[in-house]
Amino acid sequence: MVSCILGCRQAPRARPRPPDAGTTVTVYVPPKSAERLAGRLQVIAAQHQWALSVRTDAAARQEADLAFVDSGGTLVGRVRAGSPAAAQARQMAEAVVP
């Protein structure tokens with residue numbers, strides 16, 4: 001009598017993508033703070049699989065989903081009203097500037 005046992009494994013499952021993966025979040029950062037904040041912003045975006053656009057030009061301050069502004073010597077994140085990525089921008093602001 002010949003026996004044959006085959007080992008079967010389930011195929012590894014890919015981690016499900018977050019529902020907002022692929023979202024682009026545009027962030028305005030003052031030129032003086034860009035180098036200091038860019039790394040932290042990239043880490044948050046990568047963790048959530050968001051595309052990130054960091055801008056330092058004056059027009060971006062009004063157009064960006066999230067704008068960091070100097071308020072009495074302290075950086076404050078402000079989410080643009082009506083932004084399609086407002087929830088993501090809020091998360092970024094809280095993670096970068098507690």
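This one's a predicted model, so the numbers in the text were calculated from it and none came from an experiment. (Residues numbered from 1 in each chain as written. Predicted model: local features only at pLDDT ≥ 70, side-chain atom pairs only at ≥ 80, totals over all residues. Heavy atoms only, no water.)

Caption draft 1: How the structure looks around the sheet that holds strand 2 (residues 51–55). In space, the 4 strands of this open sheet follow the order 2-1-3-4, with mixed pairing throughout. Unpaired on one side and paired on the other, strand 2 and strand 4 (74–79) mark the two borders of the sheet. Across the sheet, the mean angle separating the axes of adjacent strands is 25° when strand polarity is ignored. When strand 1 (residues 24–28) meets strand 3 (residues 66–71), the two strands line up parallel, connected through 2 bridges. From the neighbouring strand, Y28 faces strand 3, where its bridge partner is A67. (Pairing = 2+ DSSP bridges. Helix = DSSP H or I, 4+ residues; strand = E, 2+ residues; numbered from the N terminus. Axes fitted to C-alpha atoms, helices over the stretch in contact; angles between N-to-C directions.)

Caption draft 2: Representation of the pairing of strand 3. As paired elements, strand 3 and strand 4 share 6 bridges and run antiparallel to each other. Opposite A67, over in strand 4, you have R78 as the bridge partner. The hairpin turn running from strand 3 into strand 4, its antiparallel successor, is 2 residues long, and G72 in that turn takes a positive phi close to 65°.

Caption draft 3: Quick peek at the environment of L75. In this structure, L75 sits in strand 4. Considered as a pair, L75 and V29 are 46 residues apart in the sequence and their alpha carbons are 9.5 Å apart. Look past the residues within four positions of L75 in its chain and what remains in contact with it is P30, S33, R36, L37, F68, V69, D70 and V97. (Contact = heavy atoms within 4.5 Å.)

Just geometry here; none of it tells us what the structure is for.
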